[in-house]
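# Residue-level structural notes
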Amino acid sequence: MGPASKRNKKKKPSFRKLLKTSNLKLENKLKNRQFKQQSSAKKQRKEQRKLRQAITDVSHKTLKPLERYKKKPEGEEEEDEEEFLESLPVDMMDDDDLEQIRAMAKKASFLTRDISSCTPVHAKKRKSEQPVKKYEKMPRKMQQEEEKELIHLLPIKDKSGLIPQSMEKPVVPEAEEEEEPVDQDELNQEEEPEIVPLLTPQEQLELRAQKLTEKKLHMASLSSAVLADPHVNIKKLKELRAMLMETDPCVAVTVRKLVMVSLLEVFKDIVPSYRIRPLTEEEKAAKVKKETLQLREFEEGLVSQYKFYLEDLEQTVKDWKQKKQKRSQAVSLQSYKGLAEVAIRCICDLLVALPHFNFHNNIVVMVVPLMRDSVKKVSEMCCGAVSKLLKQDKLGQASLAVVKVISGMVKGRNYNVKPEVLNCLLCLRIKEVEMRKDTEDTAPKKKFMSFKEKRTNLSRMQRKWKKAEEKLQKELLEAEASESKDKKIKLHTETLNIVFLIYFRILKKAQKSILLPSVLEGLARFAHLINLEFFDDLLSVLYGLITSGDLTYRESLHCILTSFHILSGQGDVLNIDPLKFYNHLYKTLLTLHAGGRNEDTAIVLQCLDVMLTKRRKQVTLQRAQGFLKRLSTLSLHLLPDSSVGILAANRALMHTFPKCDILLDNEMQGSGVYLPELDVPEYCNPQNTALWELHLLKRHYHPMVRKFAAHLMKGAPSEGSGALSMELSRRTPVQLFEDYSVKDMSFNPPVAGPPSKKKVFPSN
Amino acid sequence: KVWAFKAAVATTKGDSEELCRYTISDSAVFNSLVLFCIKDMHAALSKMLKLKAPELILPSSSPRWQKNQIDIKMYVAGVVQLLSSLTQATVIAAVLRHANQMVPYYLCLPKQCRHLLKSLIKHWSTGEETVRVLAFLALNKICRHKQEIYLNSVLKQMYIAYVKNCKFTSPNTLPMINFMQRTLAEMYSLDTQVSYQHAFIYIRQLAIHLRNAINLKKKETYQSVYNWQYVHCLYLWCRVLSTIYPSEVLEPLLYPLCQVIIGCIKLVPISRYYPLRLHCVRAITLLSANTKTYVPALPFLLEILQREDFNKKPGRMSIKPINFAVILKLSKTNLQEKAYKDGLVEQLYDLILEYFHTQACSIGFPELALPTIVQLKAFLKECKVANYCKQMRQLLEKIQENCSYITGRRQKAAFGVADVTAVAAWEKQVAVEGTPLTKYYSQWKKLREKEIQLEISGKERMEDLNLPEIKRKKAEEKKANKKEFKGLFESDSDDDDDDLFKSKGKASC
């Protein structure tokens, strides 16, 4: 243990360094600090760093399962990977870490309150009380201010009502108008109990309506003013935001909702497409042009308003969660739910719409815990938003942040998370990661000629030109995509590492959890990106899972698919015979039938593609024939779309193994009888049977199945009378399976209607 | 003679409307009058118009037609009114018989004919056994002779009447519904072009219902599919398509119909709806037996076998066996009864055997049977109830026997898989010779029918319900049907010939 811990100590600084050098984080930190009004920046930064370290430590610890897979430590790995593997064995760390984390967690709310508004799930109130107080002061103050302002404003409202009208742009009010009626409808019922008893209900309603329209007009004028000229009217934003504190009990909920939504739209429109960077001291000191000054003011105002807006939203959600009645009793407890829902919707919208802007990390931290909320609507909304974000994210930065937080949550919740959360990860758009650093490092250098070469090949002038040219090229490259691409790949690598970490952790520690299906699905999806050294252990784990018999059919298919993805990628260097997997698939093929889940066919088709067509050299003829025969038999008992898919797979098989055509002959080959019930494709003597079932399929009720059966009967010729049409032969089995899907009762191919009334059956 | 006839007409009319010269107060007089009309009117009329062979020639071709038209019209209308106001089954039957005779007259009078059709359809769909048969005969006669005018609307109305009247299914109404199904199928076979349009629209309607149910996933939409009307419509179209099998026009409809049935099975695949699933499978079997189409149905049966735990001791004992033929949905208590499991195993046995029977001579039989064999073996390994095991073992043996028979035969065959014609000939040959399964099936069928008879008579003794009556009537009706069908086919061919001539004539013109 001694040397290990020593090593660990040695490594640690490098890790911190790594953290430091991560530009993104630094930037983020800097900015966040800037916006803090408190002067205790330095101290906080320290703490923050500590926190981050703690978090990363957590993620290290979580890697533990992996470390057990490994048999011998490998030295020539990537730096950071080596690091996180090496840091694992330190068991002593655990307790300390835990304590530290706990402490951090408590402090976190305080820390993040202003920076990130991140609230760790188990934040305890005891310690956070202080900061909350501090924080609470702020809105109160503002409230007063705002109220004053409002009073001032109300008399002038005619004016402010008039001015914006003149410059109102048609785009803005539309967005709001859309939202308003809906909200109002929702609210009418909610509000009734709050009516003041002095007036008759009729009058109250009228009064309320009047108030509402007033407020609405006000809101509309404010937001349209902001939108019309954001640089000048940034102050109006503040005013608008102040309406979030609406206190009049009879319209409070509605107004708040409306303000939330309209602020959301306004922010979406006026936020610039870059991240706003806080100014350094020097920059502040330096004299600038008037326009720049204005721009700076705008940016500063925008960022601070945005921050406050987010805080308000979060506070709303938090209040709802804690079931507290706050904010001067203006809002009843029941209507808090609706309010919080709107707030969450706004947050989700922001999450998706402004991934580049400041505070995005904070939004992520806010949304992710809500993904496992017990209220179904909320969790669905958040999961949907996260999936959308992951799908849209092109830079990889946001994905990384999301994945990190999810990982923390899964671990922190002791794997007690909804599967939907993990299913979101399937939306990640990751195509490639860096597998080995050395290959990539050498690759770009080769582009340029070495000095020697130049000397021999080119004249002096040419050399000069060349030099200039190369320099230019380099600059261009740097300026353009190449840098961002490298960065992207790096981010993706990191993201994926964390994703696998989640997966492996669950595989190792929580095999019985409900998350297993989504884990297996995820593994199958990203299998080609898994690192080589885990293969051996992963395969054995997967095989163990399959043979344990606890899995559903779908899960075992995912296992098989994963293992073959692994083997077909870089895994071909491993000399493993996946015979067991073949036999398992063969054995379980007949579990697929028309009565069961039809979606599984897609995975079977993928498996077949990887196992047989892509590995043709490793597959014996006997095995191929065995599969061919069984698949044909299987296709008798499936829904038509699956049948078409399987038959198309058979066609591919016949093309890859031309010798399979003996299955179309009725002659005996060698000894033995075909044993259809035997579960080993090699020994069932498939050469001694024929594909007679094609004749049954030729009478199938589905036209496409008939077509394929007739095609296969003729030996699947690619030309001549028995050939398929171009479009059909180009589709892959999985595509065909999807094309002819029967899931929603659509008819493909369409059924011709009666000749007189040209109606056609609903087709796709 | 004409005077007497006129008086008769007037009285018939007066009987129902009472605004005529003669009012009849005495029921005896009325009876004798009606009786007289029914007995002699047809002969009298044909005599009057001097018709030789009333079946073939329309009365309007007679020279005296113009003169007597008004009287005949009145009389004919009177008969229709009489029909709709009568309630006693025997009398209606007698009047219907008369109306049947009078069909040629109706054919000349479109308005009266329409009225007649209306009341005929009403009797066909709601009346007593013999009444239904007679009404159908008349309907058929009319439609055969004036296809282009009436067939379309008649089919439509009949379909609607059918749907209306199969809302509830009980042991009493089931034979009626079956009768309607068969006769309606017969009507559809008159003109395949017209039937295609009807079938297309109605199957499409079924598909749309199903699709809504799939998409909306609500209880009400499920209810719009999972009801007797829907199931009976599926049956009906299966019946129609199988009656008119070798027809190029209707063949394209097999595909959507099968898809709808399978979609229906898969909509809510829970055990409480097993009876409905069994109905659907039966419909598929019917269809695939008669149309030489392969439709996978076994998986749905095997799934039941796989999912149901037959070892579990039944929670409740019950005396009454569950009649799977007349239920769609089981109650929760039903699911715990022993009768449920007994009935289910029996039904599965029947249906699997029946399905295999339809494919017994196919060259791909061993492949078709493979999952069943595997599944049954697994079942026998698991199941500890001797009774069920016995049944299933027997089934397994029969299937295996047939498998090895087919395998042996096809191994000796000298042709390859690609030789379609040779395979067809081979299958035909096997069908003629018979396979072990077909032989067993015919034996079993006889036994089974006897069993059902016994069961019914046993019930009769026990409860003295009106069940046996129906049984008798059913047999009777079948006879009648058969007779009638023979006639139909003959006349059909006649019609076809006529059509042919017409078209030829047109072509030559």
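Residues numbered from 1 in each chain as written. Chains lettered and ligands numbered in written order. Predicted model: local features only at pLDDT ≥ 70, side-chain atom pairs only at ≥ 80, totals over all residues. Heavy atoms only, no water.

### Topic: the overall build of chain B
Heads up, the rule is: Elements are defined by DSSP. Helices are runs of H or I of four residues or more, strands are runs of E of two residues or more, and each kind is numbered from the N terminus. For every residue, the accessible area obtained with a 1.4 Å probe (protein chains only) is divided by the maximum for its type, and the residue is called buried under 20%, exposed over 50%, and partly exposed between those limits. Any pair of residues with heavy atoms lying within 4.5 Å of one another is described as a contacting pair. Throughout, the Shrake-Rupley method with a 1.4 Å probe supplies accessible areas, and for residues the shown protein chains are the sole cover considered.
Helix and strand counts for chain B come out as 21 helices and zero strands. Counting across all 509 residues of chain B, residues that qualify as buried make up 51%. Looking at chain B alone, contacts between residues at least 24 apart form 74% of all its contacts between residues at least 6 apart. Accessible area of chain B: about 24,700 Å², with a carbon and sulfur share of 56%.

### Section: helix α31 (residues 703-713) of chain A
Counting along an α-helix, one turn takes 3.6 residues, and residues three or four places apart therefore face a common direction. Here α31(A) has its buried residues at A:Met704, A:Val705, A:Phe708, A:Ala709, A:His711, A:Leu712 and A:Met713. At its buried positions, α31(A) is contacted by α29 (640-656), α30 (693-697), α32 (726-730) and α33 (733-739) of chain A together with α19 (420-433) of chain B. Two residues or fewer after α31(A) comes A:Gly715, characterised by a positive phi angle close to 85 degrees.

### Some remarks on the pattern of salt bridges
Residue and element names in this part refer to chain B. What counts, and what does not: By convention in these notes, a salt bridge is any Lys or Arg side-chain nitrogen within 4 Å of a carboxyl oxygen on Asp or Glu.
Following the criterion strictly, the structure yields 19 salt bridges over all chains and no others. One salt bridge connects Arg410 with Glu367, and the closest N-O pair in it is separated by 3.0 Å. Of this pair, Arg410 sits in helix α18 (residues 386-412) while Glu367 sits in helix α17 (residues 365-382); the two residues are 43 residues apart in sequence, bridging distant segments of the chain. Assigned by exposure class, Arg410 and Glu367 land together as buried. A salt bridge links Glu451 to Arg448; the shortest N-O distance between them is 3.0 Å. Note that Glu451 and Arg448 are positioned in helix α20 (residues 436-463) at a spacing of three residues, about one turn of the helix.

### Here we look at the side chain of B:Lys341
Residue and element names in this part refer to chain B. The cut-off we apply is this: Charge convention: Lys and Arg are scored as positive, Asp and Glu as negative, and His as well as the terminal groups of each chain are ignored.
With respect to the helices and strands, the residue Lys341 is situated in helix α16 (residues 338-359). Nearest to the buried, unbridged Lys341 among oppositely charged side chains is Glu308, at 5.0 Å. Here Lys341 is in contact with Glu308, Asp309, Phe310, Lys312 and Tyr388, once residues within four sequence places are set aside.

### Concerning the environment of A:Leu538
Residue and element names in this part refer to chain A. Within the secondary structure, Leu538 sits in helix α24 (residues 535-548). The class of Leu538 is buried, set by a relative accessible area of 0%. In the structure, Leu538 is positioned 31 residues away from Leu507 in sequence and 9.3 Å away in space, judged by C-alpha atoms. Beyond its immediate sequence surroundings of up to four residues, Leu538 is in contact with Phe504, Leu507, Ile530 and Ile566.

### Let's talk about the interface of chain B and chain A
How big an interface is tends to be reported as the loss of accessible area on association of its parts. Let me state the cut-off plainly: When two parts are put together, the accessible area they lose, computed with a 1.4 Å probe and summed over both, is reported as buried area. What qualifies as a polar contact is a pair of N or O atoms within 3.5 Å, subject to a donor-acceptor requirement within protein and to the restriction that residues adjacent in sequence count only when both atoms come from side chains.
Facing 53 residues of chain B, the contacting portion of chain A comprises 53 residues. Across the interface of chain B and chain A, roughly 4,700 Å² is buried in total on both sides, 67% from carbon and sulfur atoms. Three residues, B:Tyr255, B:Tyr294 and B:Val417, lead the burial of chain B against chain A; their summed loss comes to 18% of the area buried on that side. In this structure, the salt-bridge partner of A:Lys629 is B:Glu367, at a minimum N-O distance of 2.6 Å. Along the contact surface separating chain B from chain A lie nine residue pairs in polar contact (both at pLDDT 80 or more).

### Section: helix α11 (residues 252-270) of chain A
Note the cut-off: Expected span of a helix: the number of residues minus one, times 1.5 Å.
The end-to-end C-alpha distance of α11(A), which contains 19 residues, comes to 26 Å, matching closely the 27 Å that a straight helix rising 1.5 Å per residue would cover. Counting buried positions over the 19 residues of α11(A) gives 16, a clear majority of the element.

### Focus: a positive patch on the surface
Residue and element names in this part refer to chain A. Stated formally: Patches here: salt-bridge-free residues with over 30% relative accessible area, like charges joined within 9 Å, nonpolar side chains (Val, Leu, Ile, Met, Phe, Trp, Tyr) joined within 5 Å. One atom stands in for each charge, and that atom is NZ of Lys, CZ of Arg, CG of Asp or CD of Glu.
A surface patch of like charges, here positive, comprises Lys394, Arg429, Lys485 and Lys488. Looking at the element boundaries, Arg429 is found in the loop between α18 (419-425) and α19 (437-445). On the basis of relative accessible area, Arg429 is assigned to the partly exposed category, the value being 40%.

### Here's the deal with the state of the cysteines
Residues and elements named next belong to chain A. The line we're drawing: Disulfides are defined as pairs of cysteine sulfur atoms found within 2.5 Å of each other.
Applying the stated criterion across every chain yields a total of zero disulfides over all chains. Between Cys383, a free cysteine, and Cys424, which holds the nearest cysteine sulfur, the sulfur-to-sulfur gap is 4.2 Å. You can see Cys607 has no disulfide; the closest cysteine sulfur is in Cys559, sitting 10.0 Å from it. Judged by relative accessible area, Cys607 falls into the buried class, the value being 1%.

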